[in-house]
Amino acid sequence: MTRLRVPVLMFHHVEAVPPAELAPPPVHPDSYLSRRKLAAVLDTLAYHGHHTLTLAEAAARSRAGRRLPHRAVVLTFDDGCRCFRDHALPELTARGMTATLFAVSGELGGSNRWDRPSGEPGERREDLLDAAALRGLIAAGIEVGSHGRHHPDLTACDDATLAGEVAGSREELAAAIGSSVATFCYPYGRLDARVRAAAAAAGYAAAAAIHGVSAARPGDAFALPRLPVNPRDGRFELLLKASGANAALSPDMQALLGSGQCNVPTAAGGLPFICFDLAGGANLVGSEVLVGVQGGQRNFLSTAGYGKLGVPGNMVPSSSANIDASLGLLWHADGAIKRGILSKATTPATAAGTNGAVLCAMSQNDTQNNPHNPMYGIAMAGAQGLLLNLVGTESSVSGGNSQAPMALINPSLQPTTISQRFHCFQTRY
Ligand SMILES: [Zn+2]
């Protein structure tokens, strides 16, 4: 397997106005960003030190064993629409950023016919750039890759059609744009082992799929799981996606962030980081993610120890029946947080690709086992943060009972109290 580890973001259309104001309205509004939203996305990436490079560049560096730039990210735009040149390119060039555009070699200068099969309502008509326009983009530093010849679902094509779509489109596009074509993008993100093999055999250096489709594999240069940037994505989702993690903050948390209750200073450009600081953090040991003592997750407390935490003797996690390892990190089999994660991890592959870490900062004057005050540990790890207003229950006396070790405390970050529930914590990387 050719390895390539770089976060790849996916965009489709960039228009002058938000999707809700487009006429006719798009069938898939999540594929449409306003130019203003794209500008905000690019500003956020730049503010946080992300460095854009084309997919071809990333693949070439990776193959040569060269390190990618710090916080490298690849921006990809599908289908080769005119809106890319009119709205995305000026915003990219204004910031010295680059991108990879995937064009459909047999439809240059035409329209997105594949989105509007006859007899169906279909998507808005979008005009596609012609060969001359694509040459202009290359001159402006944009990579042009292939998105097939006519944009079919390649997994449904016979071998001859597949060869024409994958290898044939590479030659056809190269002839049209007067430049070699190094990367491929599977239409609809769909691939299987046969389609992947066709892309690898056609001479491409990398091929892009979409996160969540079967056969997309992190680290596989020919099955790259791209993360879509949606019109509703906030900084939280965007920055996690730019770091290679697919993220979606639940709507109720988004509402909290936007309501002012959380007091996240949105103008500062920071990443809102929600830190769950549970009173008696050891409750996690009993009922949620398993936190052992010094030896790690499987270094369990005694049954009596769990009893103090309210865990019945027949549910202690030291019995393997009460441990669930399906998410990598060990959880109590009956953990509600784990159930919530698994309800979102809809396929075994998604669950198998999920893992986590427990950040612990020991209390100085408590049981010496409680994972309290992780915000100080996070700050020590290099995040420059700001403790914000409490959300949830009232401030409590917990701060008096469970102070962080003095060596960890940074007075400039110290909250006035430690909450029993949770804080919003803003990091600025
Ligand atoms: Zn497409």
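Everything numeric in this text was worked out from a predicted model, so none of it was measured. (Residues numbered from 1 in each chain as written. Predicted model: local features only at pLDDT ≥ 70, side-chain atom pairs only at ≥ 80, totals over all residues.)

**Q** Quick rundown of the overall build of the protein chain? Include the residues and the values.
**A** The number of helices and strands found in the protein chain is 14 helices and 15 strands. Across the 429 residues of the protein chain, 38% fall into the buried class. Partitioning the intrachain contacts of the protein chain with sequence separation of at least 6 by distance along the chain shows that 63% fall at a separation of at least 24. (Helix = DSSP H or I, 4+ residues; strand = E, 2+ residues; numbered from the N terminus. Buried ≥ 20, exposed ≤ 12 C-beta atoms within 10 Å, placed from the backbone. Contact = placed C-beta atoms within 7 Å.)

**Q** Give me the lowdown on helix α1 (residues 35-47), citing residues and values where you can.
**A** Over its 13 residues, α1 runs 18 Å from end to end, which matches the ideal 18 Å to within 8%, given 1.5 Å per residue. Within the span of α1, buried status applies to Leu 38, Val 41, Leu 42 and Leu 45. Buried residues of α1 fall within an arc of 95 degrees about the axis and therefore sit on the same side. Contacts made by the buried residues of α1 are with β2 (13-15), β3 (32-34), β5 (72-79), α3 (82-94) and α7 (235-242). Gly 49 occupies a position one or two residues after α1 and carries a positive phi of about 80 degrees. (Expected span 1.5 Å × (residues − 1). Arc of directions from axis to C-beta.)

**Q** Now, about the nonpolar core: what can you tell me, with residues and values included?
**A** Counting residues in hydrophobic clusters, the biggest one holds 74 residues, and the most contacted among them are Leu 9, Ala 59, Leu 101, Ala 199, Ala 206, Ala 207 and Leu 224. Not counting the four nearest positions on each side in its chain, Ala 207 is found in contact with Thr 183, Phe 184, Cys 185, Tyr 186, Ala 199, Phe 222 and Leu 224. In this structure, Val 289, Leu 290, Leu 330 and Trp 331 belong to the second largest nonpolar core, which totals five residues. (Core = buried A, V, L, I, M, F, W, Y, C linked by C-beta atoms within 7 Å.)

**Q** Account for the packing of helix α5 (residues 159-177) against helix α6 (residues 193-201), naming residues and giving values.
**A** Remark: α5 packs on α6, axes separated minimally by 9 Å, with the N-to-C direction vectors making an angle of 40 degrees. Taken together, the axes of α5 and α6 lie oblique to each other. Crossing hand, α5 versus α6: right-handed. Contact residues: α5 offers Leu 162, Ala 163 and Val 166, while α6 offers Val 195, Ala 198 and Ala 199. For the contact of α5 with α6, the residue count by class is six nonpolar, no polar and no charged. (Axes fitted to C-alpha atoms, helices over the stretch in contact; angles between N-to-C directions. Parallel < 35°, antiparallel > 145°, perpendicular 65-115°, else oblique. Left-handed = near helix turned anticlockwise from the far one by under 90°. Nonpolar A, V, L, I, M, F, W, Y, C, P; charged D, E, K, R; others polar.)

**Q** Could you give an account of the environment of Asn 355, with specific residues and numbers?
**A** Structurally, Asn 355 can be placed in the loop between α12 (348-352) and α13 (374-380). Between the C-alpha atoms of Asn 355 and Leu 330, which are 25 residues apart in sequence, the distance is 9.1 Å. When residues no more than four places from it in sequence are discounted, the contact partners of Asn 355 are Leu 327, Gly 328 and Leu 329.

**Q** How would you sum up unusual backbone geometry? Please name residues and give values.
**A** The general pattern is negative phi for most residues beyond glycine and trans for most peptide bonds. Here Ala 23 and Pro 24 are connected by a cis peptide whose omega angle stands at -5 degrees. Located in the positive-phi region is Asp 79, a residue other than glycine, with phi close to 90 degrees. A count of 25 C-beta atoms within 10 Å places Asp 79 in the buried class.

**Q** Tell me about the environment of Val 17, and please be specific about residues and values.
**A** Relative to the elements of secondary structure, Val 17 occurs in the loop between β2 and β3. With 17 residues separating them in the primary sequence, Val 17 and Ser 34 have C-alpha atoms 5.0 Å apart. The contacts of Val 17, once residues within four sequence positions are left out, are Leu 22 and Ser 34.

**Q** Go over the environment of Ala 94 with me, naming the residues and quoting the values.
**A** Along the chain, the position of Ala 94 falls in helix α3. Taking the C-alpha atoms as reference, Ala 94 lies 9.7 Å from Ala 39; in sequence the two are 55 residues apart.

**Q** I'd love a proper account of α7, names of residues and values included.
**A** Taken together, the buried positions of α7 are Leu 238, Leu 239, Lys 241 and Ala 242. Buried residues along α7 cover an arc of 160 degrees about the axis, so they all sit on one side.

**Q** Residue-level account of the pairing of strand β10 (residues 224-228), with values.
**A** Counting buried positions along β10 gives four out of five residues, so the element sits mostly inside the fold. Bridging between strand β1 (residues 8-11) and β10 involves two bridges; their strand directions are parallel. Residue Leu 9 lies in a different strand from β10, and its bridge partner there is Leu 227. Sheet topology places strand β9 (residues 206-210) next to β10; three bridges connect them, and they run parallel. (Pairing = 2+ DSSP bridges.)

**Q** Can you break down the pairing of β5 residue by residue, with the values?
**A** By the criterion of burial, β5 is predominantly enclosed, with seven of the eight residues buried. Relative to β5, strand β4 (residues 51-52) runs parallel, the two sharing two bridges. Opposite Thr 52, over in β5, you have Val 73 as the bridge partner. Note on the crossover from β4 through helix α2 (residues 55-63) to β5: the handedness is right-handed. (Right-handed = clockwise from strand over helix to strand, strands pointing away.)

**Q** Lay out the confidence of the model for the protein chain with the relevant residues and their values.
**A** With 70% of its residues at a pLDDT of at least 70, the protein chain reaches an overall mean of 79. Every residue in residues 361-372 is under pLDDT 50, and counting partners more than four places away or in other chains gives 39 contacts. This stretch, residues 414-429, has a pLDDT under 50; its non-local contacts, to residues over four places away or in other chains, come to 67 contacts. (pLDDT = per-residue confidence, 0-100.)

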